[in-house]
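# Survey of secondary and tertiary structure
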Amino acid sequence: MVTFLALLPRSLTTFLYAVAALLRFYGNIDTTPFQLIPLTILEWSFWAFTLGTASLVVNLGLEWNAGNRSRYQAAQARERETRRDDLANEEREKADRERDRADQERNRADQERQRAAGRARIQNRFFISQIRHQLTPNPDTRAALTDFLSFLQEYGEP
């Protein structure tokens, strides 16, 4: 129905201009075709031309409205696409921030492990130094401390 209404003003315009031309050029100017309506052929031609022009104005309005509607729909589609792209970019940025945060946490954990291992090495070296210092000619403690010293030397260093 909408397509028929869109075609109607064009067809009506063409028909009315054709009727106006026929009445103007092929009719007798002073003749009154319908006795009930006191209009001459020239006046009928004028009214057909006026109605054709009105139909043309309606057609231009419909075309203008259709063009505006299609431009509006295209702008809305572009805006939706832009919004969708913005949301996708925000999601990507959020995922990147999460990934960066996870990387930073992993780096901090690695640094903490390295610090803990360094502290343990230092502490083991301290124990080893103490044990060496405490080694005395006493044979009972010397054997136990030597065993403990070898244990620390074996497992204390990575």
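Throughout what follows, the structure given in this document is the object of discussion. All values derive from a computational prediction rather than experimental measurement. (Residues numbered from 1 in each chain as written. Predicted model: local features only at pLDDT ≥ 70, side-chain atom pairs only at ≥ 80, totals over all residues. Heavy atoms only, no water.)

Here we come to the overall build of the protein chain. Summing up its helical and strand segments, the protein chain has three helices and zero strands in all. Beginning at the N terminus, the succession of helices and strands in the protein chain can be written as α-α-α. Looking at the 158 residues of the protein chain, the share that counts as buried comes to 11%. Considering only contacts within the protein chain whose residues lie at least 6 apart along the sequence, 46% involve residues at least 24 apart. For the protein chain, the accessible area works out to roughly 12800 Å², and carbon and sulfur atoms hold 61% of it. (Helix = DSSP H or I, 4+ residues; strand = E, 2+ residues; numbered from the N terminus. Buried < 20%, exposed > 50% of the residue type's maximum accessible area, 1.4 Å probe, protein only. Contact = heavy atoms within 4.5 Å. Areas by Shrake-Rupley, 256 points an atom, 1.4 Å probe, with all protein chains shown as cover.)

Now for the packing of aromatic side chains. For any pair of aromatic rings, the description rests on two quantities: the centre-to-centre distance and the angle between the ring planes. Within this structure, the stated rule accounts for one aromatic pair. Judged by centre distance (5.9 Å) and plane angle (70 degrees), the rings of F46 and W47 are edge-to-face. For W47, a relative accessible area of 44% corresponds to the partly exposed category. (Phe/Tyr/Trp six-rings, centres within 6.5 Å; stacked < 30°, edge-to-face > 60°.)

Further remarks concern the pattern of salt bridges. Applying the stated criterion to the full structure yields eight salt bridges. Here R99 makes a salt bridge to D96, at a shortest N to O gap of 2.8 Å. Pair noted here: R99 and D96 are both in helix α2 (residues 41-134), with a separation of three residues, about one helical turn. The salt bridge involving R115 is made with E112; its shortest N-O contact spans 3.0 Å. Here R115 pairs with E112, and both are found in helix α2, just three residues apart, close to one helical turn. (Salt bridge = Lys/Arg side-chain N within 4 Å of Asp/Glu carboxyl O.)

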